[in-house]
Structure formats: C-alpha cells, structure tokens
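# Descriptive analysis of the structure
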Amino acid sequence: MDGDHRGATELLRLATAGSVDDGKSTLIGRLLYDSKAIFADQLEAIERTSAARGDEYADLALLTDGLRAEREQGITIDVAYRYFATPKRKFIIADTPGHTQYTRNMVTGASTADLAIILIDARKGVLEQTRRHAFLSSLLGIPHLTVCVNKMDLVDWSQERFDEICAEFVEFAAKLNVADVTFIPISALRGDNVVESSSAMPWYEGRPLLSHLENVYIASDRNLIDARLPVQYVIRPQRSDGLDHRAYAGTVAGGVFTKGDEIVVLPSGFSTTITAIWGPGGQTVDEAFASMAVSVELADEIDIVRGDMLARPNNRPYVGRDIDAMVCWFAEDAELRPHNRYQMLCGTRLTRAQISGLNYRLDVNTLHRDEQADGLSLNEIGRITLHTQEPVMFDSYRRNRDTGSFILIDEATNRTVAAGMITAPVSHDSHVVWQASKVSREHRPHRGATIWLTGLSGSGKSSLAVELERRFVAEGRPAYLMDGDNLRHGLNSDLGFSDDDRRENIRRTSEVAALFADSGAVAIVSLISPFAEERRRAREIHAERGLPFYEIFIDTPLEECERRDPKGLYRRARRGEIGQFTGIDSPYERPEDPELVITPADGAPAEVADMVIRNLGL
Ligand SMILES: Nc1ncnc2c1ncn2[C@@H]1O[C@H](COP(=O)(O)OS(=O)(=O)O)[C@@H](OP(=O)(O)O)[C@H]1O
Ligand SMILES: Nc1ncnc2c1ncn2[C@@H]1O[C@H](COP(=O)(O)OP(=O)(O)O)[C@@H](O)[C@H]1O
C-alpha cells in the first residue's frame with residue numbers, strides 16, 4: 001500500500017465521554033500537558049492560577065474548561081476538537097461534555113471516531129451514564145473502546161476494586177456490539193498511567209493510556225473493499241484546446257479507485273472506466289483511497305449530477321427509497337413523528353424523505369424498546385423506516401460509516417434535526433438499480449402529460465375523462481383513461497376505502513400515470529383522490545421527471561352529487577350500508593391551487609372537454 005494510505009492510520013480520532021466530575025477535563029489536559037502539546041503561555045497561566053488557589057497540582061482541567069468557555073460563544077453543538085501529536089501519531093479529540101446534551105453532542109462528535117474513552121470514577125463504579133456512553137459508542141460503531149478507571153488514588157490503588165469495575169462493565173458490554181475493549185487504571189490528576197506508567201500500581205501490566213492510543217491497530221477498521229465515490233461537484237474546465245473534459249469531484253467514502261478501473265454510475269446504472277484521477281493538490285494520482293478528496297475523469301460522456309455515486313459494477317451499494325435506520329433526534333422544539341417529511345442528506349444526495357414508521361424508541365439507559373412510542377423528542381433514539389423521494393445509494397452503517405449515515409433537515413428552519421445510522425434497506429427493495437433507457441424523451445413522437453381529475457363520487461369526473469380521451473385519440477394523440485373504478489378491478493383490487501388504502505390507491509395511480517406520460521401518452525386520471533398531500537405527491541412525481549401535470553377540480557357540490565347518485569351509492573351510504581363514503585363519513589380535502597376548477601355551470605361534459613383543451617393549451 002502506498003504512503004497516502006498508510007498516512008490515514010497515523011491519525012487517531014478520539015471521542016471522550018464522561019462528565020466533568022469523572023475527571024475528563026483533567027485527563028485531556030494531562031494528555032496534552034505530558035505530551036507537551038500545550039503552548040508555554042497556556043501552561044504558565046494554568047500553573048499561576050493553580051498556585052494562586054493553593055493547589056498541589058497544576059489544575060489541568062483549567063485548560064479544557066478555558067477552551068470550553070471560548071467555544072460557548074455561538075456554536076450550537078457543543079463539541080470541541082483538540083489536536084495534539086506525538087512522534088508516533090496525530091490525535092484529534094472530540095470533547096463532548098457530559099451534561100444534558102450528551103446524546104446529541106456525542107453523536108455529533110463521535111460519529112467519525114476510531115476510539116472512545118469512557119471514564120469511570122473508581123469510587124462510583126459503573127453508573128447509568130457509563131452504560132449510556134458505552135451504548136452510544138457501540139451504536140456509533142466506534143471500533144475501539146478504552147475504559148479508564150480514574151481516581152485510583154482515592155481507592156488506594158486497589159487492584160480488587162479495578163477488577164470489580166471491569167467485570168461489571170464486561171457483563172453489560174456483552175449485550176452491545178463492541179469489538180475491542182481495553183481497561184486502564186489511572187489517576188488523571190496525578191498522571192498515573194496517562195503518559196507515564198504508574199509506580200503506585202505495579203500490578204497493572206498493560207500500557208499507559210497514551211502508549212495504548214499510539215499503538216492501537218486501526219488500519220483494518222477502514223473499509224478498503226467497497227469502492228464508493230459520492231459525487232459532490234461536476235467540474236467542466238475550459239481547456240485551451242477547446243475540448244470539454246468533464247470531471248467529477250468528491251471525497252472517497254470507501255475502498256480504492258484506480259486509473260483504468262471499470263466503474264458504474266448510480267442510480268443510472270451506466271458503466272464506464274476511469275481515465276484520470278487528480279489528488280487534492282491538483283496533481284494526477286494513480287489511486288484514490290477512502291477519505292481522499294479527488295476528481296476523476298471518465299471515458300464516456302454520461303449524465304452525472306451531484307448526489308450520484310461511483311462504485312464498482314460487481315460491488316454496488318444499495319439503491320433504494322425505503323430505509324431502515326436508527327436515528328437520534330436533535331431538535332428541542334419539535335418531535336419526530338411518523339408521516340413527517342424532512343430533507344435528507346445522505347452522502348452528497350439531498351432528497352425529501354418521509355418517516356414511514358417508528359418501530360420503537362430505545363431507552364439508552366436500560367436498552368428497553370418502547371414499541372408504543374408515537375414520537376421522539378430531544379436526545380431520544382429510535383428505530384425508524386424512511387421513504388425517500390428519489391433513490392438513495394447507501395450501505396449499512398456497520399459496513400461503512402460514511403455511506404451508511406445521514407442527517408435530516410427541517411425544511412422550514414433549515415436546521416439539522418436528526419442524525420441517522422442505516423441498518424438496512426427495507427427488505428422489499430434491496431439491490432434494485434435504476435435501469436436507464438436508451439430512448440430519451442426527444443426521440444418520442446408525442447409529448448406526454450397527465451390530466452388529473454379530482455372530485456366527489458358523482459361529480460362528473462368520468463364523464464369528462466371519457467370526452468377528453470375521445471378527443472385526443474381522434475386527433476391522433478395517444479391517450480388513456482385511468483378510472484378509479486376500473487383500476488380497482490385489477491391493479492388496485494387489493495385496496496378498499498380506508499384512508500391508508502386510498503393513499504396507496506392514489507400513489508400507485510400516480511406512478512402509473514407518470515409512466516404513461518413518460519411514454520408520450522396523455523394519462524387521464526379520474527380518481528376521487530380526496531387527500532391533498534397525495535395529490536401534491538402525484539404532482540411532485542411528475543415534476544421530478546419533467547412531466548406536465550394538470551390538476552382539475554370537478555367542484556360539484558355534495559348535494560348535487562347526491563341528487564344525481566347514478567350508482568345509488570349515496571343512498572346506500574346514508575342508510576349505513578356503505579361505510580367510509582367520501583363526503584358522508586370520509587373526508588374530501590378541496591384542492592387549493594388546481595390548474596382548473598369546473599363547476600356544473602360550465603355545461604355538459606362535451607363543452608367542458610373543449611374548454612379544458614383550450615385552457616390548458618393541450
Ligand atoms: N366508500 C366509498 N367512498 C367513495 N367511493 C366509493 C366507496 N365505495 C365504493 N366507491 C366507488 O369507488 C369509486 C371511487 O374510487 P376511487 O379509486 O376514485 O377513490 S379514491 O380516490 O381512492 O378515494 C367511486 O367511483 P366514482 O363515483 O366514479 O368516483 C365509487 O363508485
Ligand atoms: N357536466 C355535467 N353536467 C350535468 N351532469 C353531469 C355532468 N357530468 C356528469 N354528469 C352526470 O353526473 C353523474 C356522475 O357522473 P360521473 O362522470 O360518473 O361522475 P364521477 O366519475 O365523478 O363519479 C352521471 O349521471 C353523469 O351523467
């Protein structure tokens with residue numbers, strides 16, 4: 001492997017969890033101090049303050065506490081990053097305060113960590129917060145856990161006490177998915193086993209903390225197998241030769257890409273080869289490894305946009321719209337609830353997503369799963385399913401922490417409201433790829449569209465739809481009537497009239513209409529479609545694919561529909577023989593902004609059809 005790649009293992013990302021009382025600030029201060037990573041002036045100030053207070057030792061907590069005060073001005077998520085280095089390794093510490101915002105801070109600070117340090121006060125032993133930190137570390141997939149049993153000086157350097165705490169921790173951690181746990185007895189205050197080995201605990205045969213941090217083996221933690229490059233930018237440099245060499249830039253999120261490799265572009269599914277790779281400094285390189293920012297040039301002109309992903313044809317991420325994930329909720333003033341919609345950022349892909357289900361809320365202290373929960377509030381963690389508007393490329397978080405994570409953004413406030421870790425695709429759409437067609441819309445002889453007629457039963461949708469279809473076909477334009485009644489005989493024969501079934505009925509019909517419109521036909525939909533949200537979604541499905549969509553509201557008052565009652569359904573509904581009848585005991589949400597509104601005053605269906613074609617310019 002070359003130097004670039006080995007270089008990645010010279011950096012260790014650390015997360016620390018624990019509260020001030022556990023001595024976390026002191027420990028970080030001690031690491032910085034004893035490894036000479038503190039500036040002389042900072043050190044002097046600390047020694048002066050400690051001496052003035054009559055402290056026996058320089059209070060190293062002053063160092064990190066001072067930093068904390070600095071950053072408390074204006075940073076919303078309270079995570080501080082500290083850098084230090086020894087001749088062996090560079091370190092980045094994400095210091096996440098242990099107080100009330102613990103979950104949010106830890107999820108934010110620790111999601112890229114290689115190793116988490118958990119501090120336990122030797123006098124107190126394993127506490128609720130120890131379990132919480134251990135659980136969060138395992139949830140975040142941090143590969144190494146180092147449990148520092150601190151304040152050993154206050155338990156007389158007792159090996160028995162240390163062993164007792166280790167045993168208790170091991171018993172709890174067995175329920176978690178933690179690969180590698182190391183225990184170190186320390187006194188952060190006195191510096192025992194932090195940088196120097198402790199003479200007070202000769203029974204401890206392991207390394208002191210810093211030496212452990214320098215030597216812990218992390219090279220095999222990185223995913224070198226699954227090549228993933230989420231496209232961040234499409235670069236079109238104007239060369240002096242006038243040729244247009246397009247390149248695709250992004251940070252490699254897994255595996256290795258080599259010049260000459262065959263790659264597949266997702267979600268389109270086109271394959272091509274890499275002809276050149278440029279490294280971060282703009283120089284050409286032969287290989288690109290995980291965490292390298294690169295741009296690549298490809299042999300074929302393929303339509304690639306930000307949010308697409310390059311992978312290997314025989315090793316693809318999941319591509320799908322239904323995702324199973326654990327999420328941690330960050331927002332103070334709103335709850336996560338099923339059916340809510342957010343912007344989802346997964347890799348470089350930004351798309352809308354709806355919470356399709358909340359399976360359970362997890363108590364991070366007891367690991368109890370509450371399946372009755374109807375929402376998640378600040379700092380709560382739960383298992384959800386998500387349905388995205390556009391296909392998303394992802395791996396499970398366990399396999400790849402970059403391509404397996406996402407954030408949810410509130411559309412109104414633009415704030416990050418959740419961080420998510422993908423468990424798996426929801427089973428029904430695993431490994432489905434989008435198969436691109438070779439016929440583009442310009443190649444088709446007709447331009448398609450969908451005319452969506454909504455209104456109560458008996459309002460006159462079908463009569464108008466029939467007239468429209470006849471006119472289009474007479475003119476030689478492909479058109480097809482999709483009537484709710486008819487679709488319910490085949491495609492939708494498994495659906496009844498509950499709210500959920502109607503939503504599914506509308507969803508399926510929208511998708512089929514979009515396919516017809518994409519093929520160049522005029523899809524004429526005649527569906528009560530009583531829900532505004534699903535009609536909006538139908539419009540969106542068309543907009544996403546650049547297809548015209550016209551919503552026509554047949555605004556015939558309920559009394560008139562009931563008077564007409566061509567099928568006798570209203571009479572039966574009134575007698576209670578049919579339940580959930582639209583307008584009687586099931587709602588109809590009137591369209592707020594349709595392209596056209598038709599009322600009975602507009603005349604007979606034939607006249608109305610002429611008017612529609614004229615008005616919509618079809
Ligand atoms: N409970 C109840 N509520 C409403 N409609 C009912 C119901 N039961 C049967 N029908 C008949 O089904 C037709 C409506 O089906 P749709 O698929 O258009 O309905 S929906 O969009 O899913 O709400 C509708 O046809 P139209 O009269 O053409 O609208 C009815 O004939
Ligand atoms: N523009 C119109 N003016 C008067 N009656 C109409 C009009 N359009 C339809 N009708 C009548 O209303 C009844 C219901 O029409 P239909 O098209 O079946 O409605 P829907 O499909 O919305 O249930 C039918 O008897 C039809 O003849």
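Residues numbered from 1 in each chain as written. Chains lettered and ligands numbered in written order. Predicted model: local features only at pLDDT ≥ 70, side-chain atom pairs only at ≥ 80, totals over all residues. Heavy atoms only, no water.

What follows covers the overall build of the protein. If you tally the helices and strands in the protein, you get 15 helices and 28 strands. Taking contacts inside the protein between residues at least 6 apart in sequence as the whole, the part at least 24 apart equals 72%. Total accessible area on the protein stands at roughly 28,300 Å², and carbon and sulfur atoms take up 49% of it. (Helix = DSSP H or I, 4+ residues; strand = E, 2+ residues; numbered from the N terminus. Contact = heavy atoms within 4.5 Å. Areas by Shrake-Rupley, 256 points an atom, 1.4 Å probe, with all protein chains shown as cover.)

It is worth spelling out the site of ligand 2 at this point. Taken together, Leu-456, Ser-457, Gly-458, Ser-459, Gly-460, Lys-461, Ser-462, Ser-463, Arg-564, Pro-566, Gly-603 and Pro-605 are the residues near ligand 2. Within the side chain of Lys-461, an N or O atom sits 2.8 Å from an oxygen atom of ligand 2. The backbone of Gly-603 places a nitrogen or oxygen atom 2.9 Å from a nitrogen atom of ligand 2. Isolated, ligand 2 exposes 560 Å² of accessible area, and the fraction of that covered by the protein chains is 70%. (Near = heavy atom within 4 Å. Polar contact = N/O pair within 3.5 Å; in protein donor to acceptor, adjacent residues only side chain to side chain.)

It is worth spelling out the nonpolar core at this point. In this structure, Phe-135, Leu-139, Val-149, Met-152, Phe-169 and Ile-381 are the most contacted members of the largest nonpolar core, which totals 39 residues. Among the elements that line this core, the one with the most residues is helix H7 (residues 159-173), at 6 residues. Setting aside residues no more than four positions away along its own chain, Val-149 makes contact with Ile-120, Ala-122, Phe-162, Ile-165, Ile-184, Pro-185 and Ile-186. Judged by nonpolar contacts, the second largest core, of 24 residues, contains Leu-27, Leu-31, Leu-119 and Val-194. (Core = buried A, V, L, I, M, F, W, Y, C linked by side-chain atoms within 4.5 Å. Buried < 20%, exposed > 50% of the residue type's maximum accessible area, 1.4 Å probe, protein only.)

Our focus in this paragraph is the sheet that holds strand E27 (residues 549-554). Reading across the sheet, the 5 strands line up as E25-E26-E24-E27-E28 and stay open at both edges, with parallel pairing between neighbours. Among the strands making up the open sheet, the edge pair consists of strand E25 (479-483) and strand E28 (596-598). Across the sheet, the axes of successive neighbouring strands diverge by a mean angle of 20°, strand direction being ignored. With 5 bridges joining them, E25 and strand E26 (residues 522-526) adopt parallel strand pairing. Each bridged residue has a counterpart across the sheet, and for Leu-481 the counterpart in E26 is Ile-524. On top of the sheet, helix H15 (residues 605-616) reaches E27 and E28; it is set at about 165° to E28, its chief contact. (Pairing = 2+ DSSP bridges. Axes fitted to C-alpha atoms, helices over the stretch in contact; angles between N-to-C directions.)

Before going further, it helps to examine the site of ligand 1. Within the structure, ligand 1 sits among 21 residues, and Ser-457, Arg-488, Arg-502, Asn-505 and Ser-529 are positioned closest to it. Here an oxygen atom of ligand 1 and a side-chain polar atom of Asn-505 are 2.6 Å apart. Gln-580 has a polar backbone atom sitting 2.8 Å from a nitrogen atom of ligand 1. Considering ligand 1 on its own, with 620 Å² of exposed area, one finds that the protein chains cover 92% of that surface. Elements that contribute at least two residues to the shell around ligand 1 include exactly helix H9 (461-474), helix H10 (484-487) and helix H11 (499-518). Residue composition of the shell around ligand 1, by class: 7 nonpolar, 9 polar and 5 charged. (Nonpolar A, V, L, I, M, F, W, Y, C, P; charged D, E, K, R; others polar.)

Turning to the environment of Gly-254, a few remarks are in order. Position of Gly-254 among the secondary structure elements: in the loop between strand E9 (247-251) and strand E10 (256-258). Along the sequence, Gly-254 and Thr-403 sit 149 residues apart, while their C-alpha atoms lie 8.2 Å from each other. Once residues lying within four places of it in the same chain are set aside, the contact partners of Gly-254 are Asn-223, Asp-226, Ala-227, Arg-228, Ala-290 and Asn-400.

Put simply, Leu-266 and Pro-267 share a cis peptide bond, and its omega is 10°. In this structure, Trp-157 takes a positive phi of about 55° despite not being glycine. Structurally, Trp-157 can be placed in the loop between strand E5 (144-150) and H7. Unusually for a residue other than glycine, Asp-565 sits at a positive phi of about 30°. Its location among the elements puts Asp-565 in the loop between helix H13 (558-564) and helix H14 (569-574).

Next up on the list: the packing of H11 against helix H12 (residues 532-544). Across the interface, H11 lies against H12 with an axial gap of 9 Å and an inter-helix angle of 20°. Here H11 is positioned roughly parallel relative to H12, judged by the angle of their axes. The chirality of how H11 crosses H12 is right-handed. Where H11 approaches H12, its residues Arg-503, Ile-506, Ser-510, Glu-511, Ala-513, Ala-514 and Ala-517 are matched on the opposing element by Glu-534, Ala-538, Ile-541 and His-542. For the contact of H11 with H12, the per-class residue count stands at 6 nonpolar, 2 polar and 3 charged. (Parallel < 35°, antiparallel > 145°, perpendicular 65-115°, else oblique. Left-handed = near helix turned anticlockwise from the far one by under 90°.)

Across the 5 residues that make up E9, a large majority, 4, are buried. The pairing of strand E8 (residues 233-235) with E9 spans 3 bridges and is classified as antiparallel. Pairing of Val-234 across the sheet is with Tyr-248, part of E9.

Let's shift gears to the pattern of salt bridges. Under the defined criterion, the tally for this structure stands at 43 salt bridges. Here Arg-246 and Glu-301 are joined by a salt bridge, their closest N and O atoms 2.5 Å apart. Note that Arg-246 is positioned in the loop between E8 and E9 and Glu-301 in the loop between strand E15 (293-298) and strand E16 (309-311), a separation of 55 residues in sequence. You can call Arg-246 buried: its relative accessible area is 12%. Among the salt bridges present, the one from Arg-361 reaches Glu-380, with a minimum N-O distance of 3.8 Å. Of the two residues, Arg-361 sits in strand E19 (residues 349-362) while Glu-380 sits in the loop between strand E20 (369-370) and strand E21 (381-394), which places them 19 residues apart along the sequence. For Arg-361, a relative accessible area of 25% corresponds to the partly exposed category. Take Glu-380: its relative accessible area is 23%, and that puts it in the partly exposed class. Look at the salt bridges and you will find they share partners, linking Arg-341, Arg-352, Glu-411, Glu-533, Arg-536, Arg-537 and Glu-540 into a network. (Salt bridge = Lys/Arg side-chain N within 4 Å of Asp/Glu carboxyl O.)

Residues lying three or four places apart along an α-helix face the same way, a consequence of the helix completing one turn every 3.6 residues. The terminal C-alpha atoms of H12, which comprises 13 residues, lie 18 Å apart, in line with the 18 Å expected from a rise of 1.5 Å per residue. Directly beyond the C-terminal end of H12, a positive phi value near 70° is found at Gly-546. (Expected span 1.5 Å × (residues − 1).)

Each aromatic ring pair is specified by the distance between its two centres and by the angle formed by the two planes. Tallying each qualifying case throughout the model produces 8 aromatic pairs. For the pair Phe-553 and Tyr-588, a centre-to-centre distance of 5.9 Å together with 20° between the ring planes defines the contact as stacked. Highlighted residues: Phe-553 in strand E27 and Tyr-588 in the loop between H14 and E28, separated in sequence by 35 residues. Considered together, Phe-553 and Tyr-588 belong to a single accessibility category, that of buried residues. Cation over ring: Arg-131 sits above Phe-172, and NZ or CZ is 5.4 Å from the ring centre. One Lys or Arg, Arg-488, reaches over the ring of Phe-497 and ends 3.8 Å from the middle of that ring. (Phe/Tyr/Trp six-rings, centres within 6.5 Å; stacked < 30°, edge-to-face > 60°. Lys NZ or Arg CZ within 6 Å of the ring centre and 35° of its normal.)

A word on the UniProt feature "active site" (unreviewed entry) in the protein. UniProt's entry tags Ser-529 with the feature "active site" (unreviewed entry), counted in the numbering of this structure. Relative to the helices and strands, Ser-529 resides in the loop between E26 and H12. What makes Ser-529 buried here is its relative accessible area of 2%. With residues up to four places along the chain from it excluded, the contact list for Ser-529 reads Trp-452, Leu-453, Thr-454, Ile-506, Arg-535 and Tyr-588. (UniProt positions renumbered as here; feature names shortened; annotations may be inferred.)

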